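Topology and contacts: notes
What follows is the residue order along each chain.
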Amino acid sequence: MTPPKHGRRAANTSPARPTPELRPGTARNGTASLRPAFSIIAMSFAAAMMVATSVPALAVTATDSEARASVYAPVEDTIDYAPQTVEVGSDGVMSQLAAEQYDVEAAPPPITSQVASVGNVQLIDTNAIVWPVQNPTKRSDGFGPRSAPCSGCSSSHDGVDFNPGNGTPVVSIADGVVVLATENGGGLGVNVEVQHNIGGELITSSYAHMQYGSIAVSVGQQVTAGQQLGLVGTTGQSTGPHLHLEMFGADGVRFDGFAWLSARVG
Ligand SMILES: [Zn+2]
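No experiment lies behind these values; they were computed from the predicted model shown. (Residues numbered from 1 in each chain as written. Predicted model: local features only at pLDDT ≥ 70, side-chain atom pairs only at ≥ 80, totals over all residues. Heavy atoms only, no water.)

1. A word on the nonpolar core
Core analysis: the largest hydrophobic core is formed by 25 residues, its most contacted members being Tyr-207 and Leu-261. Contributing elements (two or more residues each) for this core: β5 (160-162), β8 (190-198), β9 (201-210), β12 (243-248) and α6 (257-262). In terms of residue count, β8 provides more of this core than any other element does, 4 residues in total. Counting residues in each nonpolar core, the second largest holds 7 residues, with Ile-111, Val-177, Val-179 and Leu-202 among its members. (Core = buried A, V, L, I, M, F, W, Y, C linked by side-chain atoms within 4.5 Å. Buried < 20%, exposed > 50% of the residue type's maximum accessible area, 1.4 Å probe, protein only. Helix = DSSP H or I, 4+ residues; strand = E, 2+ residues; numbered from the N terminus.)

Written out as structure tokens, the structure is:
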């Protein structure tokens, strides 16, 4: 059986023939000398594959330096925009405020107010509080014990006296419903009472000594904070034009309306 003269087996059995690229002395056998060359090519290919798989996919298609430069250009842009992380911080603050806004207590239920000749009126909670007159700093008598200003006047002042001037508009201190509107209020003269739901608590405000014919509301009427009720006068047991404001809770006990308003009006 004669060995084939062509093909792989023929080459293997042939005497060594140095390839033109090989320098003398580097290898005695052609097959052996090709192994390092294949290994270098294989390693280079493996290295290229590692680069290709460790860079963005677009980089694989980059066949020249100009294309690669355009591929990597966005990376440099990202570095330039790095200071925008400051805006991320401000966004975090805003989301924190939003979370606080969601963390609110449920509104208290309405309070049922019994209004004579009208029936039950539902009072919704309100936090808008205003002064009953302009220039609330002008006052004469405060709340509490005092020397009676007139014969028959009480020595224990159940309210606060505001002196903004005769004819000054008197307004409701908060949203509510009118429960009393009379020109025959005895010592209180022309008198209006308004009931409010302040934080779930029934509060009544009473406005006294107003001018005859100045009442601008009627019993059962819903009013808003700042809505005019009448005008400052001196009707009833009064020594001069002023607003006598009384405030009390569901128990009817009067408290210091000026201190109460001072703590709530901005
Ligand atoms: Zn008074």
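2. Observations regarding the environment of Thr-234
Looking at where Thr-234 falls in the secondary structure, it is placed in the loop between β11 (228-231) and β12. Considering only alpha carbons, one finds Thr-234 and Ala-208, 26 residues apart in sequence, at a separation of 8.6 Å. In this structure Thr-234 touches His-209, Thr-239, Gly-240 and Pro-241, once residues within four positions along its chain are discounted. Among the polar contacts made by the side chain of Thr-234, one reaches the side chain of Ser-238 at a distance of 2.9 Å. At 3.3 Å, the side chain of Thr-234 and the backbone oxygen of Gly-240 are in polar contact. (Contact = heavy atoms within 4.5 Å. Polar contact = N/O pair within 3.5 Å; in protein donor to acceptor, adjacent residues only side chain to side chain.)

3. A closer look at unusual backbone geometry
Excluding glycine, residues mostly carry a negative phi; peptide bonds, for their part, are mostly trans. Its identity as a non-glycine residue notwithstanding, Ser-117 has a phi of 65°, on the positive side. In this fold, Ser-117 is placed in the loop between β1 (111-115) and β2 (119-123). Overall, the relative accessible area of 81% leaves Ser-117 in the exposed class. In this structure, Asn-135 takes a positive phi of about 50° despite not being glycine. The topology assignment puts Asn-135 in the loop between β2 and β3 (144-145). Residue classification places Asn-135 among the partly exposed residues on the basis of a relative accessible area of 44%.

4. As for the side chain of His-244
Note on placement: His-244 falls in strand β12. Relative accessible area serves as the criterion here: at 7%, His-244 is assigned to the buried category. A polar atom in the side chain of His-244 sits 3.2 Å from the side chain of Asp-161. Excluding anything up to four places from it in sequence, His-244 contacts His-157, Asp-158, Gly-159, Val-160, Asp-161, Leu-188, Ser-206, Tyr-207, Ala-208 and His-209.

5. Describing the environment of Val-160
Checked against the element boundaries, Val-160 lands in strand β5. Residue Val-160 is classed as buried on the basis of its relative accessible area, which comes to 1%. Other than its neighbours up to four places away in sequence, Val-160 contacts Arg-139, Asp-141, Phe-143, Leu-243, His-244, Leu-245, Asp-256, Gly-257 and Phe-258.

6. Some thoughts on the pattern of salt bridges
Tallied over the entire structure, the rule returns 3 salt bridges. Residues Arg-254 and Glu-246 are paired through a salt bridge, measuring 2.9 Å at the closest nitrogen-oxygen approach. Residues participating in the shared-partner salt-bridge network are Asp-141, Arg-146 and Asp-161. (Salt bridge = Lys/Arg side-chain N within 4 Å of Asp/Glu carboxyl O.)

7. Concerning the coordination of the zinc ion
Surrounding the zinc ion are the protein donor atoms His-157 (NE2), Asp-161 (OD) and His-244 (ND1), at 1.9 to 2.1 Å. Sequence positions of the residues that donate to the zinc ion give the spacing H-x3-D-x82-H. Separated by 83 residues along the polypeptide, Asp-161 in strand β5 and His-244 in strand β12 bring together distant segments of the chain. (Donors = N, O, S within 2.8 Å, 3.2 Å for Na, K, Ca; no water.)

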